[in-house]
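For reference, the chains in residue letters:
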Amino acid sequence: MNSDTPLQLLGGLTAREFLRDYWQKKPLLVRQAFPDFESPIDADELAGLSLEDEVEARLVLEHGERPWELRRGPFAEDTFANLPERDWTLLVQAVDQFVPEVAELLEHFRFLPSWRIDDVMVSFAAPGGSVGPHFDNYDVFLLQGHGKRNWKVGQMCDSDSALLEHADLRILADFEQSDQWTLEPGDMLYLPPRMAHYGVAEDDCLTYSVGFRAPSAAEVLTHFTDFLSQFLPDEERYTDADAQPVSDPHQIQHEALDRLKGLLAEHMGDERLLLTWFGQFMTEPRYPELVSGEALTEAELLDSLENGAILIRNPSARLAWSEVDDNLLLFASGQSRLLPGHLRELLKLICAADALHIENLAQWLNDEDGLMLISQLVQQGSLGFANE
Ligand SMILES: [Mn+2]
């Protein structure tokens, strides 16, 4: 994709312009971002998904057993028969992992790194349905799939913003509306992180939320230091060879801080380990139990491919790659592999391709490293055979 091509998805902006002026900064309403959009799933299919054990689903009832009642799935068939006429919302996370047509929506967002994408949440709301005014710490594109939803946007919030006292929902006590729009099917609203928003269904309404992810500073520090510490032997410690005699033994001298800062800088500045940790962390699957492989020898893999089998990315797997010196790192569902540089095109193919088969893999099946990699990814479960 050329980043200087005007995109319908972005209301005629180029990806470069959108990233410069809107991304992480301010909302963008795009009428008919998806012209003549036809929702790939309907309310009944969404309700069906919410009955499954492996699917994360929530129901929010504005006037339930208490105001803003939150119920967590999986739900039972009769849950939906007993809901009121209006003012409730069903939210289902990561529908892209279960419905390929929903995953295809993500193809339109390839101007952003795939490892920044969290999931496509789909919500169905009865008339009046809402989850209340709130803010999220993530960027989101809200695509209207069916029916109409009124979106109000408001102030920028943070962890000091006052919330109503609900144990489960983070509903803002104050909402200072700055703008509002009613979205129809195919319309899309981009919202930056921390912007207050309040969406209310005008009729039976399906909304797709393409959500992004960014680790918090606290997560980066705790997880990276946990990762680093696996590589540090116990004997590596604070050291003070060549220390000077102290004038007051109870004082912590600034020289001690300098030594600590040196110790931190030496390890925190290890780019290779930082990259390895980050790639592993950002490709950890949301549902690791759905990334399970099969025992398969390279000969069996070759045999299957030669008989027309097609490998696809496990929809629950996450893949990314990077380079280190003359080598490559492949990150697959929380694991990393250091690979020789000549596999670059194979890594790009594996990360991008919808389907791997005997034709597009041909040259790699004769390559010892290439064949081993493909078979390891099948064994790990990041790749799997289609139609199984
Ligand atoms: Mn939200």
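Quick notes on the rules
Residues numbered from 1 in each chain as written. Predicted model: local features only at pLDDT ≥ 70, side-chain atom pairs only at ≥ 80, totals over all residues. Pairing = 2+ DSSP bridges. Helix = DSSP H or I, 4+ residues; strand = E, 2+ residues; numbered from the N terminus. Axes fitted to C-alpha atoms, helices over the stretch in contact; angles between N-to-C directions. Contact = placed C-beta atoms within 7 Å. Core = buried A, V, L, I, M, F, W, Y, C linked by C-beta atoms within 7 Å. Buried ≥ 20, exposed ≤ 12 C-beta atoms within 10 Å, placed from the backbone.

Quick look at the sheet that holds strand E14 (residues 327-332)
Part 1: One open sheet accounts for three strands, arranged E13-E14-E15; its pairing is antiparallel. Among the strands making up the open sheet, the edge pair consists of strand E13 (319-324) and strand E15 (335-340). Strand-to-strand twist across the sheet, computed as the mean angle between neighbouring axes with direction ignored, equals 25 degrees.
Part 2: As judged from the six bridges shared by E13 and E14, these two strands associate in the antiparallel manner. The residue of E14 that forms the bridge with Val-324 is Asn-327.
Part 3: Seen against the sheet, helix H7 (residues 271-282) touches E13, E14 and E15 and runs at an angle of roughly 170 degrees to E13.
Part 4: Docked against the sheet, helix H9 (residues 344-352) engages E13 and E14, running at close to 160 degrees with respect to E13.

Let's talk about the nonpolar core
Part 1: One finds Leu-46, Val-92, Val-95, Val-120, Val-122, Leu-143 and Met-188 to be the most contacted residues of the largest nonpolar core, which totals 51 residues.
Part 2: Ignoring sequence-local partners within four residues, the contact set of Val-122 consists of Ile-41, Leu-46, Val-92, Val-95, Val-102, Leu-206 and Tyr-208.
Part 3: Of all hydrophobic cores here, the second largest spans 23 residues; its members include Leu-346, Leu-347, Leu-361 and Ile-374.

With respect to unusual backbone geometry
Part 1: Omega for the bond connecting Gly-73 with Pro-74 falls within 30 degrees of zero, at 0 degrees, which places this linkage in the cis form.
Part 2: By the secondary structure assignment, Pro-74 is in the loop between strand E3 (67-72) and helix H3 (77-81).
Part 3: Backbone geometry places Asp-36, a non-glycine residue, at a positive phi of 50 degrees.
Part 4: For Asp-36, the position within the fold is in the loop between strand E1 (28-30) and helix H2 (43-49).
Part 5: Of note in this structure, Arg-194 is not a glycine but carries a positive phi near 75 degrees.

Description of the environment of Ser-161
Part 1: Within the secondary structure layout, Ser-161 lies in the loop between strand E7 (149-156) and strand E8 (179-183).
Part 2: Judged by the 16 C-beta atoms lying within 10 Å of it, Ser-161 falls in the partly exposed class.
Part 3: Each C-alpha atom, one on Ser-161 and one on His-134, is 10.0 Å from the other, the two residues being 27 residues apart in sequence.

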